[in-house]
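Residue strings, one per chain:
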Amino acid sequence: QVQLVESGGGLVQPGGSLRLSCAASGNIFRLNAMGWYRQAPGKQRELVAAITSGGSTNYADSVKGRFTISRDNAKNTVYLQMNSLRPEDTAVYYCNVRPAILTYWGQGTQVTVSS
């Protein structure tokens, strides 16, 4: 059974930083590209960053230069370092394989950027 558990969200002031973690169980992690997605209120879920099994990365234009995705294959964990956060980054953040599989969505972790 596949399980993805996100953590690390919280309330942060504009300009602040957070580091999200996603722990993966099951046999999905090592060979799959992984992605961080987010969904803001009233908006569709969007891909924020992705990383291949070999470590190649790509980012949405809105977060390029501010967010960094990484993975630790030994720990079956993918990370999202978020710097220079803006109010428009407020959303629930999820991880999933890339492309996403419907049944893999977890609870997500809330990120709120506000003064």
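You'll find the structure just up there.
These notes cover the structure that comes with them.

Conventions we followed
Residues numbered from 1 in each chain as written. Predicted model: local features only at pLDDT ≥ 70, side-chain atom pairs only at ≥ 80, totals over all residues. Heavy atoms only, no water. Pairing = 2+ DSSP bridges. Helix = DSSP H or I, 4+ residues; strand = E, 2+ residues; numbered from the N terminus. Axes fitted to C-alpha atoms, helices over the stretch in contact; angles between N-to-C directions. Salt bridge = Lys/Arg side-chain N within 4 Å of Asp/Glu carboxyl O. Buried < 20%, exposed > 50% of the residue type's maximum accessible area, 1.4 Å probe, protein only. Core = buried A, V, L, I, M, F, W, Y, C linked by side-chain atoms within 4.5 Å. Contact = heavy atoms within 4.5 Å. Phe/Tyr/Trp six-rings, centres within 6.5 Å; stacked < 30°, edge-to-face > 60°. Lys NZ or Arg CZ within 6 Å of the ring centre and 35° of its normal. Disulfide = S-S within 2.5 Å.

### Comments concerning the sheet that holds strand β7 (residues 67–72)
Moving on, step 1. Within the open sheet, the 4 strands sit side by side as β1-β3-β8-β7. Their pairing is antiparallel. Pairing within the sheet leaves two strands with one partner each, and these edge strands are β1 (3–7) and β7. Here the strands of the sheet are splayed against their neighbours by 15 degrees on average, with no regard to which way each runs.
Moving on, step 2. Pairing of β1 with strand β3 (residues 18–25) involves 5 bridges; the strand directions are antiparallel. Across the sheet, Glu 6 pairs through a bridge with Cys 22, a residue of β3.

### So, the pattern of salt bridges
Opposite charge on two side chains lets them pair, provided their charged atoms get close.
Moving on, step 1. In the structure shown here, the tally under the stated rule is 4 salt bridges.
Moving on, step 2. Among the salt bridges present, the one from Asp 89 reaches Arg 38, with a minimum N-O distance of 2.9 Å. Of this pair, Asp 89 sits in the loop between β8 (77–82) and β9 (91–97) while Arg 38 sits in strand β4 (residues 34–39); the two residues are 51 residues apart in sequence, bridging distant segments of the chain.
Moving on, step 3. Assessed through its relative accessible area of 7%, Arg 38 is described here as buried.
Moving on, step 4. Here Arg 66 ties to Asp 89 by a salt bridge, and the two come within 2.8 Å at their closest N and O atoms. Of the two residues, Arg 66 sits in the loop between β6 (57–59) and β7 while Asp 89 sits in the loop between β8 and β9, which places them 23 residues apart along the sequence.

### Notes on the sheet that holds strand β10 (residues 109–113)
Moving on, step 1. Taken in spatial order, the 6 strands of this open sheet run β2-β10-β9-β4-β5-β6, and their pairing is mixed. The strands lining the two open edges of the sheet, one partner per strand, are β2 (10–12) and β6. Averaged over all neighbouring strand pairs, the angle between strand axes comes to 25 degrees, with direction disregarded.
Moving on, step 2. The pairing of β4 with strand β5 (residues 46–51) spans 5 bridges and is classified as antiparallel. Of the residues in β5, the one forming a bridge with Gly 35 is Ala 50.

### Thoughts on the nonpolar core
Moving on, step 1. In this structure, Trp 36, Val 78, Leu 80, Met 82 and Tyr 93 are the most contacted members of the largest nonpolar core, which totals 30 residues.
Moving on, step 2. Excluding anything up to four places from it in sequence, Val 78 contacts Leu 20, Ser 21, Cys 22, Phe 29, Met 34, Trp 36, Ile 51, Ile 69, Ser 70, Arg 71 and Cys 95.

### Section: the packing of aromatic side chains
Moving on, step 1. Enumeration over the complete set of coordinates arrives at 2 aromatic pairs.
Moving on, step 2. For the pair Tyr 94 and Trp 105, a centre-to-centre distance of 5.7 Å together with 75 degrees between the ring planes defines the contact as edge-to-face. Highlighted residues: Tyr 94 in strand β9 and Trp 105 in the loop between β9 and β10, separated in sequence by 11 residues.
Moving on, step 3. Seen from the ring of Tyr 79, Arg 19 lies directly overhead, with NZ or CZ sitting 4.0 Å from the centre.
Moving on, step 4. The ring of Tyr 94 is capped by Arg 45, whose NZ or CZ atom sits 3.9 Å from the centre of that ring.

### With respect to the state of the cysteines
Moving on, step 1. Applying the stated criterion to the full structure yields 1 disulfide.
Moving on, step 2. Covalent S-S linkage joins Cys 22 and Cys 95, the inter-sulfur distance amounting to 1.8 Å. Of note, the bridge from Cys 22 to Cys 95 carries an S-S torsion of about 45 degrees and is right-handed in sense. Within this pair, whereas Cys 22 is found in strand β3, its partner Cys 95 is found in strand β9, the two being separated by 73 residues in sequence. Each member of the pair Cys 22 and Cys 95 is classed as buried.

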